[in-house]
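# Per-entry structural report
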Amino acid sequence: MDDAQVEVGPVNLVARVDEALAVQAVAFGLDAGEVAVRRHIVLRHLLSPGARSYGATTPDGRLVGFVYGMPNDRTHWWSTVVETYLRATGTAAWLDDSFVITELHVHPDFQGRGVGRALITTITDGAAEPRSILSAIDTDSPARGLYRALGYEDLARQVHFPSAPRPYAVMGAPLPLRRRN
């Protein structure tokens, strides 16, 4: 990571959910109502078997990025939505034996410094599953560029989640993630 002032390590996201959502709100442009809805979702996700979370903190303890994920479960809402799209592209098998990156957000002041890369590689390095899947807004963004650099490829595009205004792409990568040469 380029920024030696940020440390990545396990974080109790239940205890720090409001700090994490403040980062997500700034990074993702969420309003207070959206944050309130997501708070309940995050807390529910963290009760899932195998759920893990990591944070990026400054020397004074400020949370400036976080990631959490879990082994995929086809009965979870996200899987039920994306399965139709993955079936259409012949990639539905990715829903099995995969570690899902549920959320990954870095405060804009700390983006472009390797924080997101450190968070996602750290969490996936500890996964027992042979591959990882995630969804990202289906645009040519720095986040999608990072995922591609790590080995993620598009499994399905133009995935529409209920109540999400923009389409998403579902991406998958074998684990461990690709490192810089």
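Residues numbered from 1 in each chain as written. Predicted model: local features only at pLDDT ≥ 70, side-chain atom pairs only at ≥ 80, totals over all residues. Heavy atoms only, no water.

Moving on: helix 1 (residues 17-28). Between its terminal C-alpha atoms helix 1 stretches 16 Å, which fits the 16 Å expected from 12 residues at 1.5 Å a residue. For helix 1, every residue scored as buried is listed here: V17, A20, L21, V23, Q24 and A25. At the exit of helix 1 stands G29, carrying a positive phi of roughly 70 degrees. (Helix = DSSP H or I, 4+ residues; strand = E, 2+ residues; numbered from the N terminus. Expected span 1.5 Å × (residues − 1). Buried < 20%, exposed > 50% of the residue type's maximum accessible area, 1.4 Å probe, protein only.)

Moving on: the sheet that holds strand 3 (residues 63-71). Pairing is mixed in the open sheet, where seven strands are placed in the order 1-2-3-4-5-7-6. The open sheet terminates on both sides in strands that have one partner only, identified here as strand 1 (7-10) and strand 6 (153-159). Sheet twist, expressed as the average angle between the axes of neighbouring strands with direction ignored, equals 20 degrees. Of the strand pairs in this sheet, strand 5 (residues 131-137) and strand 7 (residues 168-174) are connected by seven bridges, and their pairing is antiparallel. Bridging from a neighbouring strand, S135 pairs with V170 of strand 7. Helix 3 (residues 77-88) rests against strand 4 (98-106), strand 5, strand 6 and strand 7 of the sheet, and its axis sits at about 100 degrees to strand 6. (Pairing = 2+ DSSP bridges. Axes fitted to C-alpha atoms, helices over the stretch in contact; angles between N-to-C directions. Contact = heavy atoms within 4.5 Å.)

Attention now moves to the side chain of R144. Tracing the backbone through its elements, the reader meets R144 in helix 5 (residues 142-149). Excluding its chain neighbours within four sequence positions, the residues that come into contact with R144 are A136, I137, D138, T139, D154, R157, A169 and M171.

The next thing to look at is the pairing of strand 2 (residues 52-57). Most of strand 2 sits out of view: five of its six residues are buried. Judged from the four bridges that link them, strand 1 and strand 2 form a sheet pairing that is antiparallel. Residue pairing across strands places P10 opposite Y54, the latter belonging to strand 2. Hairpin remark: strand 2 followed by strand 3, antiparallel, with five residues in the connecting loop; positive phi at G61, about 90 degrees.

A word on the nonpolar core. Formed by 25 residues in total, the largest nonpolar core has its most connected members in I101, L119, I120, L134, Y147 and Y152. For this core, the secondary structure elements donating two or more residues are strand 2, strand 3, strand 4, helix 4 (115-125), strand 5, helix 5 and strand 7. Leaving out residues up to four positions away in the same chain, I120 has contacts with I101, L104, L134, Y147, L150, Y152 and L177. Counting 16 residues, the second largest nonpolar core, distinct from the first, contains V81, L95, I137 and V170. (Core = buried A, V, L, I, M, F, W, Y, C linked by side-chain atoms within 4.5 Å.)

Shape is all these values report; function is a separate question.
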